[in-house]
Amino acid sequence: VHVVESGGGLVQAGDSLRLSCEATGTFSRYAMGWFRQARGKERELVAAISRSGGNTDYPDSKKGRFTISRENAKNTVYLQMNSLKPEDTALYYCAAVVTGRTDYVVLRKDEYAYWGVGTHVTVSS
């Protein structure tokens, strides 16, 4: 399975940005997640979505400004980020894992099997 992120860049505080992630294989079998890692910090969950797209989950600190969605027909998952802040600056990763249940959301990074190389997001003040 090959996972490729895109859409990162340099934006100003308050701007919005949408990241995309494509994965090869039978995309509808994958639960998907977005993670980020800032310099000197651990990789953390930003958002996760079930195979069907019917269930999503976010850490409390990410609720309200981040939205994850997917289009299984396009093998793509998205991360919409609004009202960006300088502290959102990080390398954003997309991850995939095959799950048996269509409504299961995977929250732990060590449960994901396939990872992209990340896309940089820099938010200037």
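As a starting point, this report considers the structure included with it. Sequence positions are assigned chain by chain, starting from 1 and proceeding in written order. Side-chain atom pairs in this predicted model are given and counted only at pLDDT of 80 or more, local residue features only at pLDDT of at least 70, and totals for whole chains, interfaces and linings cover all residues. The basis for the side-chain values is all heavy atoms of the structure; hydrogens and waters are excluded.

Some points on the sheet that holds strand β3 (residues 17–23)
Only strands joined by at least two bridges in the DSSP assignment are considered to pair. Put simply, DSSP marks the helices as runs of H or I at least four residues long and the strands as runs of E at least two long, and each gets a number from the N terminus on. Read across the sheet, 4 strands follow the order β1-β3-β8-β7 without closing on themselves; strand pairing throughout is antiparallel. Whereas interior strands pair on both sides, the edge strands pair on one side only; in this sheet they are β1 (3–6) and β7 (66–71). With strand direction ignored, the average angle separating the axes of adjacent strands in the sheet is 20°. As paired strands, β7 and strand β8 (residues 76–81) are joined by 6 bridges and run antiparallel to one another. Paired with Arg 70 across the bridge in β8 is Val 77. Axis definition: a line fitted to C-alpha atoms, limited for helices to the stretch in contact. Angles are taken between N-to-C directions and run from 0 to 180 degrees.

Some details on the packing of aromatic side chains
Planes of paired rings set the category: under 30 degrees apart is stacked, over 60 is edge-to-face and the rest tilted, where pairs are Phe, Tyr or Trp rings (Trp by its six-membered ring) whose centres lie within 6.5 Å. Under the criterion given, the structure shown has 5 aromatic pairs. Seen from their ring centres, Phe 27 and Tyr 30 are 6.2 Å apart, and the 80° between their planes marks the pair as edge-to-face. For every residue, the accessible area (1.4 Å probe, protein chains only) is compared with the maximum for its type, and the residue is labelled buried under 20%, exposed over 50%, or partly exposed between those bounds. By relative accessible area, Tyr 30 is classed as buried at 4%. Between Tyr 93 and Trp 115 the ring centres are 6.3 Å apart and the planes differ by 80°, which places this aromatic pair in the edge-to-face class. Remark: Trp 115 occurs in strand β10 (residues 114–115) and Tyr 93 occurs in strand β9 (residues 90–98); sequence separation between them is 22 residues. For Tyr 93, a relative accessible area of 10% corresponds to the buried category. Put simply, the rings of Phe 35, Tyr 93, Tyr 112 and Trp 115 touch in pairs and so form one group of aromatic residues. Geometrically, a lysine NZ or arginine CZ counts as sitting over a ring once it is within 6 Å of the ring centre and also within 35 degrees of the ring normal. Taking the ring centre of Tyr 78 as reference, the NZ or CZ of Arg 18 above it sits at 4.2 Å. Just above the ring of Trp 115 sits the side chain of Arg 43; from NZ or CZ to the centre is 4.8 Å.

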